[in-house]
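Read off the chains here:
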Amino acid sequence: MVNASPDFKLAASREDLLFQAKLAEQAERYDEMVLCMKQVCQKWQLSQDERNLLSVAYKNSVGIRRASWRVLSSIETREEQKHGANTGNAPKVKEYRMMVEQELSEICEDIIELLDEYALSNGKSDDKVFFKKMQGDYHRYHVEATNDSKHKQLALDAYTAALNTAKESLPVANPTRLGLVLNLSVFYYEILRKTDEGIELAKANFDEAVSELDKLQEAEYKEATLIMQLIRDNLTLWSEDDQRDGTQVEDA
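Throughout what follows, the structure given in this document is the object of discussion. (Residues numbered from 1 in each chain as written. Predicted model: local features only at pLDDT ≥ 70, side-chain atom pairs only at ≥ 80, totals over all residues. Heavy atoms only, no water.)

**Observations regarding the packing of helix α4 (residues 90–117) against helix α5 (residues 125–146)**
Put simply, the test is: As a rule, the C-alpha atoms of each element are fitted with a line to give its axis, helices using only the stretch in contact, and angles between N-to-C directions run from 0 to 180 degrees. Runs of H or I in DSSP of at least four residues are treated as helices and runs of E of at least two as strands, each being numbered from the N terminus. Orientation labels follow simple angle bins: below 35 degrees gives roughly parallel, above 145 gives roughly antiparallel, 65 to 115 gives roughly perpendicular, and whatever is left gives oblique. Each crossing gets its handedness from the near helix: less than a right angle anticlockwise from the far helix is left-handed, clockwise is right-handed. Every residue pair with non-hydrogen atoms within 4.5 Å of one another is taken to be in contact. Residues were grouped as follows: Ala, Val, Leu, Ile, Met, Phe, Trp, Tyr, Cys and Pro as nonpolar; Asp, Glu, Lys and Arg as charged; and all remaining residues, including Gly, as polar.
Orientation of α4 relative to α5, taken along the N-to-C sense of each, is 160 degrees, at an axis distance of 9 Å. Comparing their axes, α5 and α4 come out roughly antiparallel. The way α4 lies across α5 gives a crossing that is left-handed. Residues Glu101, Leu104, Ser105, Cys108, Glu109, Ile111, Ile112, Leu115 and Asp116 of α4 form the contact with α5, whose participating residues are Phe131, Met134, Gln135, Tyr138, His139, Tyr141, His142, Ala145 and Thr146. When grouped by side-chain class, the residues that make up the contact of α4 with α5 number 10 nonpolar, five polar and three charged.

This is how it looks when you write it as C-alpha cells:
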C-alpha cells in the first residue's frame, strides 16, 4: 500500500490486528490502517464493526488523494490558462497530479478486488448491500479523477445490484439502504449528469423512510436520521441550483 511505512509490522492475531487498526486510525495513519483491515478481511468474515473499520480505513486513505487531486487539478488548469499546457509550470503540476491520480486509482482497484475475493462471497443481505455500495463508491472515485468509461459502467452496475438486493431484503429506513440511496443519487447527479433521476431517487426514498423511522432501534434511528439529513442537504442544494441558473452543481 502506498505510503505505508516499510517498518510497520502487521500483528498475527485478529485481536491485535484490530488494535493496530484502531491505533492507526487515532494517529490518522490510514494507509497502515488499510493494511491491518485488509489482513482481517482476507482471514476472517467481518463483523459489522470490522466492516465499518475497513470502510473508514479505505475512505480516509483514498480521501486524502481525492482532496490532493482536486487541488492539483485546479492549479494545473490555472497554469495552463496563464502559460499554456506545455510551458511554464503546467507540465510539472500535471506530473505531480498524475502521480496522485495513480495512487488514487491503485487504492480504488485494491479495495474493489478485495471485496470481490473475500467480503462478497458470504454474509447477510445487509453486508452484501454494504460491500456492493462500497464497490460502487470506489469505481465512482476512480471516475472522478480519470473519467474512465469502464469504471463509470462498473459503478452503475455495483450500485444497481446493491439497490436491487436492498429492495428485496432491507427496510426502506435501514441505514445501509439509506447510505446506498445517498451515494447512488450523487452518482446520478454528478457523474452521469442525470439530475432528475438523482433528485427523484433521493426524494422518493427520503419520503418513504420518514414514515418508517419509528420502527428502528435507537442506534439505527440515529444513524438513519444522520444520513437522511445528508440526503435533505443534497436535495436543498440541488433545488437551489435549479432555481439559480438551471445548471447542475459539480459537488454535492
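**Some words on the side chain of Arg140**
The cut-off we apply is this: Relative accessibility thresholds used throughout: buried, under 20% of the residue-type maximum; exposed, over 50%; partly exposed, between the two (1.4 Å probe, protein chains only). Definition of a polar contact: a pair of N or O atoms within 3.5 Å, with one able to donate and the other able to accept a hydrogen when the atoms are protein atoms, and with sequence-neighbouring residues admitted only if both atoms are side-chain atoms.
Mapped onto the elements of the fold, Arg140 is located in helix α5. On the basis of relative accessible area, Arg140 is assigned to the buried category, the value being 6%. One polar contact links Arg140 to Tyr159, side chain to side chain, over a distance of 3.0 Å. Contacts of Arg140, omitting those with residues within four sequence positions, involve Ala155, Tyr159, Asn183, Val186, Phe187 and Ile191.

**Some remarks on helix α8 (residues 195–210)**
Here is the rule we go by: Here a helix's expected span is defined as the number of its residues, less one, multiplied by 1.5 Å. In this description, the arc belongs to the directions extending from the helix axis to the C-beta atoms.
An ideal rise of 1.5 Å per residue puts 22 Å on 16 residues; α8 measures up with 23 Å between its terminal C-alpha atoms. When we look at burial in α8, the residues that qualify are Thr195, Gly198, Leu201, Ala202, Asn205, Phe206 and Ala209. Seen from one end, α8 has its buried residues packed into an arc of 140 degrees, which puts them on one side. Turned more than 90 degrees from where α8 packs its buried face, Asp196 and Glu200 sit exposed.

**A few points about the pattern of salt bridges**
Here is the rule: Throughout this description, the term salt bridge denotes a Lys or Arg side-chain nitrogen within 4 Å of a carboxyl oxygen of Asp or Glu.
Under the criterion given, the structure shown has 17 salt bridges. Among the salt bridges present, the one from Lys38 reaches Asp110, with a minimum N-O distance of 2.7 Å. Residue Lys38 is found in helix α2 (residues 30–43), and its partner Asp110 is found in helix α4; the two are separated by 72 residues along the sequence. Among the residues examined, Lys38 registers a relative accessible area of 22% and is labelled partly exposed. Here Glu144 makes a salt bridge to Arg66, at a shortest N to O gap of 2.9 Å. Of this pair, Glu144 sits in helix α5 while Arg66 is found in helix α3 (residues 48–83), placing the two residues 78 residues apart along the sequence. Exposure remark for Arg66: the relative accessible area of 16% places this residue in the buried category. What emerges from the salt-bridge pattern is a single network uniting Arg66, Arg70, Lys133, Asp137, Arg140 and Glu144.

**Section: the packing of helix α7 (residues 175–191) against α8**
At a minimum axis distance of 7 Å, the contact between α7 and α8 shows a crossing angle of 160 degrees. Considering their axes alone, α7 and α8 lie roughly antiparallel with respect to each other. By crossing handedness, the relation of α7 to α8 is classed as left-handed. Mapping the contact onto sequence places Arg177, Leu178, Val181, Leu184, Ser185, Tyr188 and Tyr189 in α7 and Thr195, Glu197, Gly198, Ile199, Leu201, Ala202, Asn205 and Ala209 in α8. Of the residues that constitute the contact of α7 with α8, the class distribution is nine nonpolar, four polar and two charged.

By themselves, these figures tell us nothing about what the structure is for.
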